[in-house]
Amino acid sequence: MNGAAQASSMIDVRGLDVVFGKGADEVRAVRDVSFRVPEGATFGLVGESGSGKSTVLRALSGLNHDWTGQVVIAGQAQTPKRDKAFYKLVQMVFQDPYGSLHPRHTVDRILMEPLSIHGFGDAERRIEQVLGEVGLGPSFRFRYPHQLSGGQRQRVAVARALILEPRILLLDEPTSALDVSVQAEVLNLLQRLKQERGLTYILVSHDLSVVAHMCDELAVMNNGAVVEELSVERLKSHAPEHPYTRQLMVASLGYDRAAIDRFEDFGVEG
Amino acid sequence: MSGESESLQALGWRAWLLSSSPRSRNQARLGRFYIAWLSFRSNHLAMLGLGIVLALIFMAVFAPLIAPYDPNAQVLADRLQYFSAEHWFGTDDFGRDIFSRIVYGSRLTLYIVILVAIIAAPIGLAVGTTAGYLGGWVDKVLMRITDIFLAFPKLVLALALVSALGPGIENAIIAIAITSWPPYARIARAETITIRNSDFISAVRLQGAGRLRIIWSHIVPLCTSSLIVRVTLDMAGIILTAAGLGFLGLGAQPPLPEWGAMISAGRKVLLDQWWVATVPGIAIFIVSLGFNLLGDGLRDVLDPKSGGQS
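Computed from a predicted structure; not experimentally measured.

### Some thoughts on the packing of helix α10 (residues 211-247) of chain B against helix α11 (residues 259-266) of chain B
Residue and element names in this part refer to chain B.
So, step 1. Running from amino to carboxyl end, α10 crosses α11 at an angle of 40°, the nearest separation of the two axes being 7 Å. By the criterion of interaxial angle, the relationship of α10 to α11 is oblique. For the pair α10 and α11, the crossing hand works out as right-handed. Residues Ala-243, Gly-246 and Phe-247 of α10 pack against Gly-260, Ala-261, Ile-263 and Ser-264 of α11.
So, step 2. Residues that form the contact of α10 with α11 fall into these classes: four nonpolar, three polar and no charged.

### Here's the deal with the pattern of salt bridges
So, step 1. Taken as a whole, this structure holds 27 salt bridges over all chains when the rule is applied.
So, step 2. Note that Asp-12 of chain A is salt-bridged to Arg-36 of chain A, the shortest N-O span being 3.0 Å. In this pair, Asp-12 of chain A sits in strand β1 (residues 9-20) while Arg-36 of chain A sits in strand β2 (residues 27-38), placing the two residues 24 residues apart along the sequence.
So, step 3. Here Asp-12 of chain A falls in the buried class, since its relative accessible area comes to 15%.
So, step 4. Residues Arg-213 of chain B and Glu-113 of chain A are paired through a salt bridge, measuring 2.9 Å at the closest nitrogen-oxygen approach. Pair noted here: Arg-213 of chain B is in helix α10 and Glu-113 of chain A is in helix α4 (residues 107-117), and the two residues belong to different chains.
So, step 5. Salt bridges here are not isolated pairs; linked through shared partners, they connect Asp-108, Glu-124, Glu-128 and Arg-141 of chain A together with Arg-25 of chain B.

### Focus: a nonpolar patch on the surface
Residues and elements named next belong to chain B.
So, step 1. Taken together, the side chains of Leu-54, Ile-57, Phe-58, Val-61, Phe-62 and Leu-65 make up a nonpolar region of the molecular surface, amounting to roughly 600 Å² of accessible area.
So, step 2. Sort the elements by how many residues they give to the nonpolar patch and helix α3 (residues 44-61) lands first, with four residues.
So, step 3. By secondary structure assignment, the location of Ile-57 is in helix α3.
So, step 4. Overall, the relative accessible area of 35% leaves Ile-57 in the partly exposed class.

### Details of the nonpolar core
So, step 1. Grouped together as the largest cluster of nonpolar side chains are 64 residues, with contacts concentrated most on Ile-112, Trp-259 and Phe-291 of chain B.
So, step 2. For this core, the secondary-structure elements that each account for two or more residues are α3, α5 (98-134), α7 (154-165), α8 (169-196), α9 (199-206), α10, α11 and α12 (275-302) of chain B.
So, step 3. With 14 residues, the single largest contributor to this core is α10 of chain B.
So, step 4. Setting aside its immediate chain neighbours within four residues, Trp-259 of chain B contacts Leu-56, Arg-101, Ile-102, Gly-105, Ser-106, Thr-109, Pro-280, Ala-283, Ile-284 and Val-287 of chain B.
So, step 5. If you look at the next biggest cluster of nonpolar residues, it comprises 51 residues, including Leu-169, Met-214, Met-249 and Phe-266 of chain A.

### A word on the domain arrangement of chain B
All names here are of chain B.
So, step 1. Looking at the assigned domains, one finds that chain B contains domain 1 (1-42) and domain 2 (43-302).
So, step 2. Placing the centre of domain 1 and that of domain 2 at their C-alpha centroids yields a distance of 33 Å.
So, step 3. Each partner contributes to the interface: domain 1 provides six residues, whereas domain 2 provides nine residues.
So, step 4. Taken together, both faces of the contact between domain 1 and domain 2 bury some 600 Å²; the carbon and sulfur share is 74%.
So, step 5. Among the residues of domain 1 in contact with domain 2, Phe-40, Arg-41 and Ser-42 are the three that bury the most area, contributing 75% of the side total.
So, step 6. Where domain 1 meets domain 2, there are zero salt bridges.
So, step 7. Counting the contacts that link domain 1 with domain 2 gives two residue pairs in polar contact (both at pLDDT 80 or more).
So, step 8. Considering only residue class, the side of domain 1 that touches domain 2 consists of three nonpolar, two polar and one charged.

Scoring rules and cut-offs
- Residues numbered from 1 in each chain as written.
- Chains lettered and ligands numbered in written order.
- Predicted model: local features only at pLDDT ≥ 70, side-chain atom pairs only at ≥ 80, totals over all residues.
- Heavy atoms only, no water.
- Axes fitted to C-alpha atoms, helices over the stretch in contact; angles between N-to-C directions.
- Helix = DSSP H or I, 4+ residues; strand = E, 2+ residues; numbered from the N terminus.
- Parallel < 35°, antiparallel > 145°, perpendicular 65-115°, else oblique.
- Left-handed = near helix turned anticlockwise from the far one by under 90°.
- Contact = heavy atoms within 4.5 Å.
- Nonpolar A, V, L, I, M, F, W, Y, C, P; charged D, E, K, R; others polar.
- Salt bridge = Lys/Arg side-chain N within 4 Å of Asp/Glu carboxyl O.
- Buried < 20%, exposed > 50% of the residue type's maximum accessible area, 1.4 Å probe, protein only.
- Patch = residues over 30% accessible without salt bridge, like charges linked within 9 Å, V, L, I, M, F, W, Y side chains within 5 Å.
- Areas by Shrake-Rupley, 256 points an atom, 1.4 Å probe, with all protein chains shown as cover.
- Core = buried A, V, L, I, M, F, W, Y, C linked by side-chain atoms within 4.5 Å.
- Domains from an automatic or database assignment.
- Buried area = accessible area lost by both parts, 1.4 Å probe.
- Polar contact = N/O pair within 3.5 Å; in protein donor to acceptor, adjacent residues only side chain to side chain.

Below is the structure:
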């Protein structure tokens, strides 16, 4: 990384800590996490369940206020409270498309909501355009979520995130609730949208193959801390350094009794 | 020929309503109502309840056309008569036609039920969703106030309020409304807490929505269906409380033909002229049953955890 790349970095996180609870119940969910994402790149956060990767994303998005550290997004230092302009810049796609759409709102209403919050004028055109972009025709516009499949719902969720024309999209395991063939469709959609709009992505996933397909750089998290940062080329050439990363790679190849018996717990000391 | 084209047209309407890809907001909304109606219609007891409630409304609206006599016309020569062709349900101790009084009394019953529902339900909904969504000290303060109201037996609190405000039907309505909102607040709060942390609420927060918008257009619509069910089921209790207040002389004042007050008036002659108190009692029973059956049917249709989703 040279100076020029650093200057154009879209997201810069330094020493991020997230602590839940107080006193004896205190849990340090994220410990001293730092990373930098250049504009137009896709950055992966990988780790098992409970490793703190989604917590990092919730702190970045402004959903979680209890964090300390330094977060700079598009050149602006962020405080826990965000203003309306921030949400035009950063949007998020959630893991579970069955839980992220309001069950009593039609697709039209779901897409209308962000437009009316931010006072956009030409709602009709924008809704039609964004539905087309995510590959849903006008026939889907007045359906309720229960009339859509999982993949279609996730497309609606992507459309909702894109309708404010953000520059950053935070993706919280966007395909882990979908079956394999639909996963590929949604990932390809996200790739295409990124190229068309020059978006910057942070992708949280436990699936190394998804990360290898989507990302340029990735950070491996375990017990709330980043254990290794590496490029996708290094990952693909099977040359990660940290034993936890190697363990994840073995796990992603499928279930192997002998390999799993050799797994260790890389707890963070202290 | 005409029958055939009519059925074709009906089929067209059905298809339009049940379309899986509606072309407008209204079509989507109407289709949703139609599906709910289809599932409601298959529940015979609920349809019976709906029939009773519609009959009550019909009776209240067309009371002057249905009732054969003026409900307050006293004919002392004809007092305390048994059922006859002239007086279907007999007459009371002032010689007033009981059937006409029952018909006009349906207006009072409906008036009480509707006013209590439109006062108590919105208060409960506002308090419950606000407490549930904001949490923290707002929740503590609002729910302790709710607890204070819940600590008193409903009828005793209503009695105390009516005696303080003075007897009369308006004061009875205010008293019943003030005592019946706390359970609605609890229901709305419980629903709100389960919804509050769901992803679709996080998603609107990430779009920059304010608290008022989130509560009003995202949380309230999900609480209303269980609240409608609860209010409908409570209607019977409201009617009974109003009748109880009328019976004690604290609700509607004579000569208003309120059903509870009519029972109270018939009490003196209960052993010899049983029908004077029994007929309004049966009217209260039927209407309460109707609202209960309707509420049960609505629960099956509207409950977000069972129907209404598919």
